[in-house]
Amino acid sequence: MDQKKPLKENQLGRLFLTAATLVTLVTMLVFTVTQGTRNEATAAPDNDSIVSDTTTTHLESVRHIGEWEFLTVNDEELVDTTASRFLASDKQLTRIYYGTLRLGIDMDKMPSSSVRLLGDTLDVLLPPIRLLDNDFIDETRTKSFREKGTWDNSTRSALYEKAKRQMLARCMTNSNIQLAQQNAIDEVTLLFNTLGYDHVVVHF
């Protein structure tokens, strides 16, 4: 009978040790899970990545604008040609051409690297100002100011091309390009201000 008592005491001791061990393991497990949850809850995305994603989204929206006109120049050119005739007076053809030249940029061609967020300032690099439409002469308004003799289509086409060159020389000047650039800077700045960027620097 007396020999059974130490056995019971050993069993109780082992049971107590096992229970204590289990409690310790459970406590450690709960602590680990809690810490992991806290780490997940407190981990926030980098502000720069948020801004970058937002800027990219805005750039895609701006690209959808496509061709953006910043200056319109109306012009008219008087072009003439003459041709000699044997035993007759010279032929003469004088025509007046009207054209509308649109200066601007194609927003769709802006690469993503052209828009950068530097601190709190949005830096925008625009592509060069260019002529948006090469068919700027309105042929429905073309008038023959003087037409003496008979002229073929090749001569009329040559006059058309001559008028086109004159319009380009008169309208695609440095001063007009600079004016279009300034209009672009003003309008693009206003656009990004509206999208929430207070500090915007636009350049070419």
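Preceding this section is the structure that the text describes.
Not measured: the values here are computed from a predicted model.

About the criteria used
- Residues numbered from 1 in each chain as written.
- Predicted model: local features only at pLDDT ≥ 70, side-chain atom pairs only at ≥ 80, totals over all residues.
- Heavy atoms only, no water.
- Core = buried A, V, L, I, M, F, W, Y, C linked by side-chain atoms within 4.5 Å.
- Buried < 20%, exposed > 50% of the residue type's maximum accessible area, 1.4 Å probe, protein only.
- Helix = DSSP H or I, 4+ residues; strand = E, 2+ residues; numbered from the N terminus.
- Contact = heavy atoms within 4.5 Å.
- Salt bridge = Lys/Arg side-chain N within 4 Å of Asp/Glu carboxyl O.
- Pairing = 2+ DSSP bridges.
- Axes fitted to C-alpha atoms, helices over the stretch in contact; angles between N-to-C directions.

(A) Representation of the nonpolar core. F70, Y97, V124, L126, V188 and F192 are the most contacted members of the largest nonpolar core, which totals 35 residues. Only α2 (47-63), β1 (67-85), β2 (88-106), β4 (121-125), α3 (153-171), α4 (174-194) and β7 (199-203) provide two or more residues apiece to this core. Apart from the residues lying within four places of it in its own chain, the contact partners of V124 are M110, S114, V115, V188, F192, V200, V201, V202 and H203.

(B) How the structure looks around the pattern of salt bridges. Counted by the stated rule, this structure contains nine salt bridges. A salt bridge links R63 to E60; the nearest nitrogen and oxygen atoms lie 2.3 Å apart. With R63 and E60 both in helix α2, this residue pair falls three residues apart, about one helical turn. Residue classification places E60 among the partly exposed positions, given a relative accessible area of 34%. Between E147 and R156 there is a salt bridge, with the nearest N and O atoms lying 2.5 Å from each other. Take E147: its relative accessible area is 40%, and that puts it in the partly exposed class. Where salt bridges share partners, they join E67, E69, R102, D106 and R130 into one cluster.

(C) How the structure looks around the pairing of β7. The side-chain alternation of β7 yields one buried face, formed by V200 and V202, and one unburied face, formed by H199, V201 and H203. Summarising the sheet, β4 and β7 pair through five bridges and their orientation is parallel. Bridge assignment links L125 to a residue of β7, and that residue is H203.

(D) Representation of the side chain of T189. Note that T189 resides in helix α4. Filtering out sequence-adjacent residues up to four positions away, T189 remains in contact with A184, V200 and V202.

(E) The arrangement of the environment of S61 in detail. With respect to the element layout, S61 can be found in helix α2. Spatially, the C-alpha atoms of S61 and D108 are 9.7 Å apart, while their sequence positions differ by 47 residues.

(F) Examining the sheet that holds strand β3 (residues 115-118) more closely. In spatial order, the strands read β3-β4-β7; together these three strands make up an open sheet with mixed pairing. Each edge of the open sheet carries a strand with a single partner, namely β3 and β7. Strand-to-strand twist in this sheet, taken as the mean axis angle between neighbours without regard to direction, amounts to 20°. With four bridges connecting them, β3 and β4 associate as antiparallel partners. Along β4, the bridge assignment pairs L118 with T121.

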